[in-house]
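Here's the letter readout for the chains.
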Amino acid sequence: MAEQKCSADDMELSNLSTKLESDLDIKDRKYLFKTYPSCFIGSEAITYMVDNNMCKSREDGILIGKRLLAANIIQHVTNDHDFLDDKKFYEFLPGDNGGSSFRLIYYGFGGRAEALRLTASLGGISFEDEYITQQQQAKEKSDGKRRWSGPPEIVVLCKKGNDLQRIGQSNACLRYIGDIAGLYPQNRLRRALVDEVLDSSEDLAGSIVMGAIYGSYKDDEEKKTKICIIIKR
């Protein structure tokens, strides 16, 4: 699959909008007896951007909001207003790719990708699966297309559905997905406790794999050869 690239502006807006969509108070709101689902308030978005050093002033925040509107990332709930520093309601629009947040690259079974899929599902995050074969993996690794040594990898998608950033290492992918799904704690202490479980699970998985290797071969030389093959993969 050919990779389409996003411009620097696309990347900046996509990163910013992902953060806003994650942290703003998005909920159903009422105005004149009508309910507008899953929307946020323009002035609150500007306050958030100023407080989190995303812009230097409220005027800059208005300009960013206008850029988000122009990029079809957000819109006024009735399409009647530009982005304003007041209590107007705005909503995030799904991307042209149907709203997928990332593409998951892995083999056609659960393995190390299963936790990534489950986390996205629990958090209500849409994603795409790209299944590969062992032969594809060997060729793409030889061609230098792997982020590290092998899958799973995720490709983060910008709002237009184009490739934004590739991430390797299953636990790094899991933490990223957990973060955008709202399942990875923002509190440092709670986050450290989650990391403790993840890292312990990684140690356990490594022990199981190495135990299987050492228990399956008759002599030390055969074990060493197999380990070297796995490391090179």
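Being a predicted model, the structure only gives us computed values, none of them experimental.

Scoring rules and cut-offs
Here the residue numbers are simple positions, counted from 1 along each chain's written sequence. In keeping with the predicted nature of the model, local features appear solely for residues at pLDDT of at least 70, side-chain atom pairs appear and are counted solely at 80 or more, and the whole-chain, interface and lining totals rest on all residues. Just so you know, side-chain values use all the structure's heavy atoms and leave hydrogens and water out. Pairing between strands requires that DSSP locate at least two bridges from one strand to the other. A run of H or I in DSSP becomes a helix once it reaches four residues, and a run of E becomes a strand once it reaches two; helices and strands are each numbered from the N terminus. Only the stretch in contact is used when fitting a helix axis, every axis being a line fitted to C-alpha atoms; angles between N-to-C directions are given from 0 to 180 degrees. Exposure categories follow from relative accessible area, calculated using a 1.4 Å probe and restricted to protein chains: below 20% of the type maximum is buried, above 50% is exposed, and the middle band is partly exposed. Here a polar contact is taken to be a pair of N or O atoms separated by no more than 3.5 Å, where protein atoms must pair a possible hydrogen donor with a possible acceptor and residues adjacent in sequence count only if both atoms sit in side chains. Should any heavy atoms of two residues lie within 4.5 Å, those residues are considered in contact. A score from 0 to 100, pLDDT tells how confident the predictor is in each residue. If you view the pair so one helix is near and one far, a crossing is left-handed when the near helix is turned anticlockwise from the far one by less than a right angle, and right-handed when it is turned clockwise. In the scheme used here, Gly and all other residues not listed as nonpolar or charged are polar, with Ala, Val, Leu, Ile, Met, Phe, Trp, Tyr, Cys and Pro taken as nonpolar and Asp, Glu, Lys and Arg as charged. Each reported salt bridge corresponds to a side-chain nitrogen of Lys or Arg within 4 Å of a carboxyl oxygen of Asp or Glu. Nonpolar cores were defined as sets of buried Ala, Val, Leu, Ile, Met, Phe, Trp, Tyr and Cys residues, with membership established by side-chain atoms within 4.5 Å.

(A) Geometry of the sheet that holds strand 6 (residues 127–131). The sheet built from four strands is open, its strands ordered 6-5-7-8 with mixed pairing. Either end of the sheet is taken by a strand with one partner, and the two such strands are strand 6 and strand 8 (163–167). Across the sheet, the mean angle from the axis of one strand to that of its neighbour is 20°, orientation sign disregarded. As judged from the five bridges shared by strand 5 (residues 102–106) and strand 6, these two strands associate in the parallel manner.

(B) Layout of the pairing of strand 4 (residues 89–92). Neither face of strand 4 is exposed, since F89 and E91 on one face and Y90 and F92 on the opposite face are all buried. Note that strand 2 (residues 34–41) and strand 4 share two bridges and pair antiparallel. Across the sheet, residue I41 finds its bridge partner in strand 4, namely F89. Pairing geometry for strand 3 (residues 74–76) and strand 4, over three bridges, is antiparallel. Residue pairing across strands places Q75 opposite E91, the latter belonging to strand 4.

(C) Looking closely at the side chain of H76. Residue position: H76 is located in strand 3. Only 3.3 Å separates the side chain of H76 from the backbone nitrogen of D80, close enough to count as a polar contact. Setting aside residues up to four positions removed in sequence, H76 forms contacts with L69, H81, K88, F89 and Y90.

(D) Focus on the environment of T35. Residue placement: T35 occurs in strand 2. What T35 contacts, discounting residues up to four positions off in sequence, is D28, R29 and K30.

(E) Structural detail: the sheet that holds strand 2. Pairing is antiparallel across the open sheet formed by four strands, whose spatial order is 1-2-4-3. Every interior strand has two partners, whereas the edge strands, strand 1 (27–31) and strand 3, have only one. Across the sheet, the mean angle separating the axes of adjacent strands is 55° when strand polarity is ignored. The strands touched by helix 2 (residues 42–51) are strand 1, strand 2 and strand 4; relative to strand 2, the strand with the most contacts, the crossing angle is about 15°.

(F) Quick look at the confidence of the model for the chain. Model confidence for the chain is summarised by a mean pLDDT of 82, while 80% of its residues fall at 70 or above. Note that residues 1–8 has pLDDT below 50 and, in this model, 13 contacts with residues that lie over four places away or in other chains.

(G) A look at the packing of helix 2 against helix 3 (residues 58–70). For the pair helix 2 and helix 3, the least separation of the axes is 9 Å and the interaxial angle reads 115°. Here the hand of the crossing between helix 2 and helix 3 comes out right-handed. Note on element contacts: helix 3 touches helix 2 through R58, G61, I62 and I64, opposite S43, I46, T47, M49 and V50. Of the residues contributing to the contact of helix 2 with helix 3, the split by class is five nonpolar, three polar and one charged.

(H) Quick peek at the pattern of salt bridges. In the structure shown here, the tally under the stated rule is 16 salt bridges. Across the pair R58 and D85 runs a salt bridge whose closest N-O atoms are separated by 2.8 Å. Of the two residues, R58 sits in helix 3 while D85 sits in the loop between strand 3 and strand 4, which places them 27 residues apart along the sequence. We classify D85 as partly exposed; its relative accessible area is 32%.

(I) Inspection of the nonpolar core at higher detail. If you look at the biggest cluster of nonpolar residues, it comprises 22 residues, and the most contacted ones within it are F102, L104, L116, I125, I154 and I177. If you list the elements that add at least two residues to this core, you get strand 5, helix 4 (114–122), strand 7 (153–157), strand 8 and helix 6 (170–180). Excluding residues within four positions of it along the chain, L116 makes contact with L104, P152, I154, S170, C173, L174 and I177. Among the nonpolar cores identified, the runner-up in size contains 18 residues, and C55, I73, I74 and Y90 belong to it.

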